[in-house]
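Geometric and topological summary
Chain by chain, the residues:
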Amino acid sequence: DQQVKQNSPSLSVQEGRISILNCDYTNSMFDYFLWYKKYPAEGPTFLISISSIKDKNEDGRFTVFLNKSAKHLSLHIVPSQPGDSAVYFCAASASDNDMRFGAGTRLTVKP
Amino acid sequence: DAEITQSPRHKITETGRQVTLACHQTWNHNNMFWYRQDLGHGLRLIHYSYGVQDTNKGEVSDGYSVSRSNTEDLPLTLESAASSQTSVYFCASSPRPGEAFFGQGTRLTVV
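Residues numbered from 1 in each chain as written. Chains lettered and ligands numbered in written order. Predicted model: local features only at pLDDT ≥ 70, side-chain atom pairs only at ≥ 80, totals over all residues. Heavy atoms only, no water.

1. Comments concerning the overall build of chain B
- Across its full length, chain B holds 0 helices and 11 strands.
- Secondary structure elements in chain B, listed N-terminal to C-terminal, are β-β-β-β-β-β-β-β-β-β-β.
- In terms of C-alpha radius of gyration, chain B reaches 13 Å, essentially the compact-globule figure of 13 Å for 111 residues.
- With the principal axes as the frame, chain B shows a C-alpha extent of 35 × 25 × 25 Å.
- Looking at chain B as a whole, 47% of its 111 residues are labelled buried.
- Taking as baseline every contact in chain B between residues at least 6 positions apart, the subset at least 24 positions apart corresponds to 51%.
- As presented, chain B carries roughly 5,200 Å² of accessible surface, and 44% of it is formed by carbon and sulfur atoms. (Helix = DSSP H or I, 4+ residues; strand = E, 2+ residues; numbered from the N terminus. Rg over C-alpha atoms; globule rule 2.2 N^0.38 Å. Buried < 20%, exposed > 50% of the residue type's maximum accessible area, 1.4 Å probe, protein only. Contact = heavy atoms within 4.5 Å. Areas by Shrake-Rupley, 256 points an atom, 1.4 Å probe, with all protein chains shown as cover.)

2. Section: the sheet that holds strand 8 (residues 76-78) of chain B
All names here are of chain B.
- With respect to topology, 4 strands assemble into an open sheet ordered 1-3-8-7, the strand pairing being antiparallel. Taken across any chain shown, the strands that pair with only one partner, and hence form the sheet edges, are strand 1 (4-7) and strand 7 (64-66). Sheet twist, expressed as the average angle between the axes of neighbouring strands with direction ignored, equals 20°.
- Note: strand 3 (residues 19-25) against strand 8, 3 bridges, orientation antiparallel. Following the sheet pairing, Val19 is matched in strand 8 by Leu78. (Pairing = 2+ DSSP bridges. Axes fitted to C-alpha atoms, helices over the stretch in contact; angles between N-to-C directions.)

3. Section: the pattern of salt bridges
- Tallying each qualifying case throughout the model produces 6 salt bridges over all chains.
- For Arg61(A), the salt bridge goes to Asp84(A), with nearest N and O atoms at 2.8 Å. On the criterion of sequence distance, the pair formed by Arg61(A) in the loop between strand 6 (56-59) and strand 7 (62-67) and Asp84(A) in the loop between strand 8 (72-77) and strand 9 (86-93) is long-range, its members being 23 residues apart.
- Its relative accessible area of 2% is what places Asp84(A) among the buried residues.
- Measuring nitrogen to oxygen at the nearest pair gives 3.8 Å for the salt bridge that ties Glu59(B) to Arg100(A). Here Arg100(A) lies in strand 10 (residues 99-101) and Glu59(B) lies in the loop between strand 6 (54-57) and strand 7, a pairing that spans two chains.
- According to the relative accessible area criterion, Glu59(B) is partly exposed, its value standing at 36%.
- Taken together, the shared-partner salt bridges connect Arg36(B), Asp38(B) and Arg44(B) into one network. (Salt bridge = Lys/Arg side-chain N within 4 Å of Asp/Glu carboxyl O.)

4. Section: a nonpolar patch on the surface
- On the surface, Ile18(A), Ile20(A) and Val78(A) cluster together to form a nonpolar patch covering roughly 230 Å² of accessible area.
- With respect to the element layout, Ile20(A) can be found in strand 3 (residues 19-25). (Patch = residues over 30% accessible without salt bridge, like charges linked within 9 Å, V, L, I, M, F, W, Y side chains within 5 Å.)

5. So, the pairing of strand 11 (residues 105-110) of chain A
Residues and elements named next belong to chain A.
- Covered by surrounding structure in strand 11 are Thr105, Leu107 and Val109 only, the residues Arg106, Thr108 and Lys110 on the alternate face being uncovered.
- Note that strand 2 (residues 10-14) and strand 11 share 5 bridges and pair parallel. The partner of Ser12 across the bridge, within strand 11, is Thr108.
- For strand 9 and strand 11, the ladder comprises 3 bridges, and the chain directions are antiparallel. Bridge assignment links Val87 to a residue of strand 11, and that residue is Arg106.

6. Describing the interface of chain A and chain B
- Chain A puts 23 residues into the contact, and the matching count from chain B is 23 residues.
- Carbon and sulfur atoms make up 56% of the area that chain A and chain B hide from each other, which totals about 1,800 Å².
- There are 1 salt bridge connecting chain A and chain B.
- Our count for the chain A to chain B interface comes out at 3 residue pairs in polar contact (both at pLDDT 80 or more).
- Residue assignment for the side of chain A that touches chain B shows that the elements contributing at least two residues are strand 4 (32-38), strand 5 (45-51), strand 9 and strand 10 of chain A.
- A total of 4 residues in the side of chain A that touches chain B trace back to one element, the largest contributor, which is strand 4 of chain A. (Buried area = accessible area lost by both parts, 1.4 Å probe. Polar contact = N/O pair within 3.5 Å; in protein donor to acceptor, adjacent residues only side chain to side chain.)

The analysis is restricted to geometry; functional conclusions fall outside its scope.
Here it is as structure tokens:
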């Protein structure tokens, strides 16, 4: 039973435009949500997170939005750059820190 | 600098053999995790530990075991390797919910 879902396996955007990556979850006990970025042959690296008491968190070009009623979060990247091309994983954890991941979305930013 | 390292980076083994993958972190984090990454499934949790002598089963724990005799290490053992366990394995450590650091991964092939 996949508790965290990323329904878009891939996304392609033009350099300079906005990238929007989506994630849905089913477990209402989750209270931390994270986005990780992964390049080939490397481990995932932490990008940005949000706790369930917030609905938005911003860090430079990256913003995460959380809609608890819809059990949905999204990652916005503005402006997108070719170096952002990677696989992005959504993850969620309850306060016991047991993190669950989605299947990932491969983002391609075209010059 | 503190870090998390996995070894080996690549391993080929035969069906039925016992295999141990090493994970070592120097941050002194209590929480450590093992995930496997497979196409279409993202990162799935195998086992995790919240401290010395503590181990817990994750989503896909069958055929795997871990032990935690000190804070720095969480070795993952495949008791009798199967072809279905061919995957990329990632270890992670975490100081708190919402934050985790991953190793570079071990690519395991069972032939």
